[in-house]
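What the coordinates show
One-letter residues, chain by chain:
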Amino acid sequence: MPNQTTQLDRVFQALADPTRRAVLEQLSQGPAAVSVLAEPFRMALPSFLQHLRVLEDCGLVRSKKTGRVRTFRVVARPMQAAEGWLTHQRLLWERRLDQFDTYVQALKEKRK
């Protein structure tokens, strides 16, 4: 479990940055070369490569080098793990809020 938690923490840390989320959105259309991915962003290539490294280190993307071109693609599994965690939290909080609503309604009924 600790390894899973660490992996999930790294995924959420990677997703916390708007540049990295935009890169993932771009890659959802299909694999792309670094130059294509970097084009829309106003930053130096080494800075952009750091974003790609974070995404790759947490497993959200994988790269393949063919000749001089490095191409990145999305890896779904880490995103599915994050979605599973979020779904669990949403269900937990929905249940808690439903219980709270029931409690508040009971208090209102007592006051009548």
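Placed above this text is the structure.
Residues numbered from 1 in each chain as written. Predicted model: local features only at pLDDT ≥ 70, side-chain atom pairs only at ≥ 80, totals over all residues. Heavy atoms only, no water.

So, on to the overall build of the protein chain. A count of helices and strands for the protein chain gives 5 helices and 3 strands. For the protein chain, the succession of helices and strands along the chain, N to C, is α-α-β-α-α-β-β-α. Against the compact-globule benchmark of 13 Å for 112 residues, the protein chain has a radius of gyration of 21 Å, which places it well outside the compact range. By its C-alpha atoms, the protein chain is 75 × 35 × 20 Å across when sized along the principal axes. Looking at the protein chain as a whole, 25% of its 112 residues are labelled buried. Looking at the protein chain alone, contacts between residues at least 24 apart form 51% of all its contacts between residues at least 6 apart. Here the protein chain has roughly 8,600 Å² of accessible surface; of this, 54% comes from carbon and sulfur atoms. (Helix = DSSP H or I, 4+ residues; strand = E, 2+ residues; numbered from the N terminus. Rg over C-alpha atoms; globule rule 2.2 N^0.38 Å. Buried < 20%, exposed > 50% of the residue type's maximum accessible area, 1.4 Å probe, protein only. Contact = heavy atoms within 4.5 Å. Areas by Shrake-Rupley, 256 points an atom, 1.4 Å probe, with all protein chains shown as cover.)

Here the focus is helix α4 (residues 45-57). With 13 residues, α4 ought to run about 18 Å at 1.5 Å a step, and its terminal C-alpha atoms sit 18 Å apart, in line with that. Buried within α4 we find Phe48, His51, Leu52 and Leu55. Relative to the axis of α4, the buried residues are bounded by an arc of 95 degrees and lie together on one face. At the exit of α4 stands Gly59, carrying a positive phi of roughly 90 degrees. (Expected span 1.5 Å × (residues − 1). Arc of directions from axis to C-beta.)

Here we come to the sheet that holds strand β1 (residues 32-33). Strand order in the open sheet formed by 3 strands is β1-β3-β2, with antiparallel pairing between adjacent strands. The open sheet terminates on both sides in strands that have one partner only, identified here as β1 and β2 (61-66). The pairing of β1 with strand β3 (residues 69-74) spans 2 bridges and is classified as antiparallel. Its bridge partner lying in β3, Ala32 is registered against Phe72. In the packing of α4 onto the sheet, the strands contacted are β2 and β3, and the crossing angle to β2 comes to about 115 degrees. (Pairing = 2+ DSSP bridges. Axes fitted to C-alpha atoms, helices over the stretch in contact; angles between N-to-C directions.)

What follows is about the pattern of salt bridges. A complete count under the given rule lists 1 salt bridge for this structure. For Glu94, the salt bridge is made with Arg90, and the minimal N-O distance between the two is 3.2 Å. Here the residue Glu94 and the residue Arg90 both occupy positions in helix α5 (residues 76-111), the gap between them amounting to 4 residues, near one helical turn. With relative accessibility at 43%, the residue Arg90 sits in the partly exposed group. (Salt bridge = Lys/Arg side-chain N within 4 Å of Asp/Glu carboxyl O.)

Our focus in this paragraph is the packing of aromatic side chains. Aromatic ring pairs are reported here in terms of the distance separating the ring centres and the angle at which the planes meet. In the structure shown here, the tally under the stated rule is 2 aromatic pairs. Between the aromatic rings of Phe12 and Trp85, the centroid separation amounts to 5.5 Å while the plane-to-plane angle is 65 degrees, which identifies the pairing as edge-to-face. With Phe12 in helix α1 (residues 2-15) and Trp85 in helix α5, this pair connects stretches of sequence that are 73 residues apart. Phe12 gets classed as partly exposed once you look at its relative accessible area, which sits at 27%. Over the aromatic face of Trp93 sits the side chain of Arg96, whose NZ or CZ is 4.8 Å from the ring centroid. (Phe/Tyr/Trp six-rings, centres within 6.5 Å; stacked < 30°, edge-to-face > 60°. Lys NZ or Arg CZ within 6 Å of the ring centre and 35° of its normal.)

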